[in-house]
Amino acid sequence: MKMTFRWYGEGDSIPLSYIRQIPGMSGVVTAVYDIPVGEVWPLERIMKLKELCEAEGLQMEVIESVPVHEDIKLGRPTRDRYIENYAQNIRNLGKAGVRCICYNFMPVFDWLRTNLKTLAPDGSNSLSYDHSQLTAMDPHDLHLPGWDESYTPAELGSLLDSYSGMTHDQLFDNLVYFLKGIMPACDETGINMAIHPDDPPWDMFGLPRIITGMDSYRKLFSAVPNKHNGITLCTGSLGAGRNNDMVKMASELADRSYFVHLRQITLSGSHDFCESGHLTSTGSLDMYGIVRALVEAGFDGYVRPDHGRNIWGEDGKPGYGLYDRALGATYLYGLFEAIEKEMARK
Ligand code: DNO
């Protein structure tokens, strides 16, 4: 296991010099943020990022994300050009020693929440999701910090129209077409693709979402068996799906999980949840059980503490402040160490 930390590049308020001080940190997960979605990241930009990380003793082996252009998700004729660009990005990242690329295939929107600062009794705050509030929102007027892209209202409107009538099967076929197009670049470079699940894992505003649970993964691996077609196991995203047994999924998916996002959530009602740090005792997911299942199944990929709360007066980027993610990293590191050592003794 390699513990990593998400870093939003030079614009991040958290300097690499702080990240390196978190015990057990092997590297950062980052991206080139200012190149339009669908275009090729210049090799010099990637190398510059890598040098910045390495100057602080941190590796840059995971990219989150190389976003997928909407024309690919829509299956438009222009997708071939964007797939070729994506493959070129994979080759360029391979030259920089990247081993894993996290991406998602959610139409239009990335993760969705209804409140970015839900106050807890201890004075901390975190992101939360209320289904009735979400369904009352206007999708034409949405933007959340942390998304890799944002649209003007006019672009958003026409994009939403373009998806009208798209079925889950059509979106899935477009994902398969994309993956088949980029697998040769993955074979050449050895890079593993790690699809992030839909967050939360259900349809939004009538837009289909297709990476939501065990069935999605069975379908995905059978359509594209290449081992470079893998996943980001995100406990907070999948765990919101009431039918997803995260311990079981961690065990069954460990060999295709190249990247793991560990995050705790507290579930309420049929869909609602509030992010609640990382410890098993602070929410609905059995983090110990999940880590144990991963280790027992031989997991050997990258891990990062996902979204933290704002604590100790910090007012960080929603989900991505320093303190609580650092606490999460050391807690998770401890779980891995204890379980790995216990296994080794057997
Ligand atoms: C949210 C993140 C996601 C993730 C993308 C991957 O905090 O987990 O935005 O980076 O969905 O492409």
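Scope of this entry: the structure provided in the associated data block. (Residues numbered from 1 in each chain as written. Predicted model: local features only at pLDDT ≥ 70, side-chain atom pairs only at ≥ 80, totals over all residues. Heavy atoms only, no water.)

What about the packing of helix 4 (residues 79-95) against helix 7 (residues 168-189)?
Helix-helix packing is described using two parameters, namely the angle between the two axes and the distance between the axes. In the contact formed by helix 4 and helix 7, the axes pass within 9 Å of each other and the chain directions differ by 30°. What the angle tells us is that helix 4 and helix 7 run roughly parallel. For helix 4 against helix 7, the interelement crossing comes out right-handed. Contact with helix 4, carried on its side by Arg79, Asp80, Ile83, Tyr86, Ala87, Ile90, Arg91 and Gly94, involves Asn174, Tyr177, Phe178, Gly181, Ile182, Ala185, Cys186, Glu188 and Thr189 of helix 7 and no other residues of that element. (Axes fitted to C-alpha atoms, helices over the stretch in contact; angles between N-to-C directions. Helix = DSSP H or I, 4+ residues; strand = E, 2+ residues; numbered from the N terminus. Parallel < 35°, antiparallel > 145°, perpendicular 65-115°, else oblique. Left-handed = near helix turned anticlockwise from the far one by under 90°. Contact = heavy atoms within 4.5 Å.)

Regarding the sheet that holds strand 10 (residues 265-268)
Read from one edge to the other, the open sheet built from four strands follows the order 5-6-11-10, with strand pairing classed as antiparallel. Because the sheet does not close on itself, it has two edges, and the strands there are strand 5 (115-119) and strand 10. Neighbour to neighbour, the strand axes of the sheet diverge by 35° on average, direction disregarded. Looking at chain direction, strand 6 (residues 125-129) and strand 11 (residues 272-275) are connected through two bridges and run antiparallel. Looking across to strand 11, one finds that Tyr129 is bridged to Phe273. (Pairing = 2+ DSSP bridges.)

Focus on the site of the ligand
Close to the ligand lie 14 residues; Glu64, Ser65, Asn104, His307 and Tyr320 are nearest. Within the side chain of Asn104, one N or O atom sits 2.9 Å away from an oxygen atom of the ligand. At a separation of 3.0 Å, an oxygen atom of the ligand approaches a polar side-chain atom of Asp110. For the ligand, whose free accessible area comes to 330 Å², the fraction covered by protein is 100%. The biggest single contributor to the shell around the ligand is strand 4 (residues 100-104), with three residues. In terms of residue class, the shell around the ligand is made up of five nonpolar, five polar and four charged. (Near = heavy atom within 4 Å. Polar contact = N/O pair within 3.5 Å; in protein donor to acceptor, adjacent residues only side chain to side chain. Areas by Shrake-Rupley, 256 points an atom, 1.4 Å probe, with all protein chains shown as cover. Nonpolar A, V, L, I, M, F, W, Y, C, P; charged D, E, K, R; others polar.)

Describing helix 6 (residues 153-162)
Residues of helix 6 that are buried include every one of Leu156, Gly157, Leu159 and Leu160, and no others. In an axial view of helix 6, the angular spread of the buried residues amounts to 165°, which keeps them on one side of the axis. Turned more than 90 degrees away from the buried face of helix 6 sit Ala154 and Asp161, all of them exposed. Buried residues belonging to helix 6 abut helix 3 (70-74). (Buried < 20%, exposed > 50% of the residue type's maximum accessible area, 1.4 Å probe, protein only. Arc of directions from axis to C-beta.)

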